[in-house]
Amino acid sequence: MTEPVTTCIIAEDEALLRQALVERLAQAWPELHILAECEDGASALEAMAEHRPDVAFLDIRMPGLTGLEVATAAAEVSPRTQIVFVTAYDQYAIDAFERGAVDYLLKPITAERLAATVQRLQARSGNNDAATLATLLQRLAPVARAVDAPPPLTWITASAGRETRLILVEDVAYFRADNKYTTVMTAEGEALLRTPIKELLTVVDPDTFKQIHRSTIVNLRAIAGVVRDDSGRGTVRLKTRPETLAVSAPFMTLFRHM
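Cut-offs and rules
Residue numbering note: each chain is counted from 1, following its sequence as written. Residues qualify for local features only when their pLDDT is at least 70, as the model is predicted, and side-chain atom pairs are given and counted only at 80 or more; totals for whole chains, interfaces and linings, by contrast, use all residues. Side-chain numbers come from the whole structure's heavy atoms, not from hydrogens or water. Using a 1 Å grid laid over the protein atoms alone, points where a 1.4 Å probe fits but cannot get out form a cavity; open sets with protein on both sides within 12 Å along at least 5 of 7 lines form a pocket; any residue with an atom within 4 Å of a point counts as lining. Grid points are joined across faces, edges and corners, and a volume is the space filled by probe spheres set on the points. Here a strand is any run of E in DSSP of at least two residues, a helix any run of H or I of at least four, and the numbering for each starts at the N terminus. A simple rule labels every residue: compare its accessible area, found with a 1.4 Å probe on the protein chains alone, to the largest value its type can have, and call it buried under 20%, exposed over 50%, or partly exposed in between. Side-chain rings of Phe, Tyr and Trp (the six-membered ring for Trp) are treated as a pair once their centres are within 6.5 Å; stacked means planes under 30 degrees apart, edge-to-face means over 60, and tilted covers the remaining angles. In our convention, an over-ring charge means Lys NZ or Arg CZ found within 6 Å of a ring centre and within 35 degrees of that ring's normal.

- As recorded in an unreviewed UniProt entry, the protein goes by the name Response regulator transcription factor, listed as coming from Novilysobacter avium.

Written out as structure tokens, the structure is:
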């Protein structure tokens, strides 16, 4: 009889570290089937919802959705997934992990530490303690954002035809990906920002701007209301814009924790 395959996703925004983890896992756990290698929290959450993997390795600090936010949403979209957080530092975080059912890997990841993590995952085999995970996520919230991160962006320069506009970030209703650029929507209209949405995620205030779709970041202060349909997807109504914004089903879980 064929042994069941253990599935996994990996979320790490640094390509070299992501590849190193993939290679180390191939040595430590050859039977593990990696379904997706994600470079940000949004794609990780979508992969969790789509694949419902047995295991997820999540970098705590990623642009846009942090690993903690992905894990919080995953508790609903993929509750059987065992979470392993990957962190570069912070003894506070490590102390919290030691008291919980969720494992962690400290960068740089050693073969010995990874082997111990693999043994724990195989022993638990999907036996998750949802209450313990929820408590742990709450305790770890302060370390999800880098303490040495620069202050959030306060204004941007964007183009509207031949005109260059100086726009306060707080006046932006939402950002939407436009190929390699980003469309900026305000009450006055739209403008084009020559910055990819992935880079924008690293400089806007994460407490005010939330990703609701892989291609859309919304200003929470600009939201008038959110409606969920029967399929689990959502629609955002805005205070200063007539159009509505689609919310991918996995991202709807984030609204319930705000």
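### Some points on empty space enclosed by the protein
Part 1 of the reasoning: Tallied over the full model, the rule gives one cavity of 30 Å³ or more.
Part 2 of the reasoning: By volume, the largest cavity is sized at about 80 Å³.
Part 3 of the reasoning: As for the largest cavity, its lining consists of ten residues, and the residues nearest its centre are Gly64, Leu65, Leu201, Pro206 and Phe209.
Part 4 of the reasoning: In terms of residue count, the dominant contributor to the lining of the largest cavity is strand S11 (residues 209-213) (three residues).

### Here's the deal with helix H3 (residues 67-77)
Part 1 of the reasoning: Of all eleven residues in H3, eight are buried, a share of seventy percent or more.
Part 2 of the reasoning: Among the residues of H3, Gly67, Leu68, Glu69, Val70, Ala71, Ala73, Ala74 and Val77 are the ones counted as buried.

### Here's the deal with the packing of aromatic side chains
Part 1 of the reasoning: Under the definition given, this model contains one aromatic pair.
Part 2 of the reasoning: On the basis of an interplanar angle of 50° and a centroid distance of 5.6 Å, the ring pair of Phe175 and Phe209 is categorised as tilted. Of this pair, Phe175 sits in strand S8 (residues 172-178) while Phe209 sits in strand S11, placing them 34 residues apart in sequence. Comparing Phe175 with Phe209 shows no difference in burial state: the two are buried.
Part 3 of the reasoning: The ring of Tyr104 has Arg113 lying over it, and the distance from NZ or CZ to the ring centre is 4.7 Å.
Part 4 of the reasoning: The residue whose ring lies beneath Arg194 is Tyr181, and the NZ or CZ to ring-centre distance is 5.1 Å.

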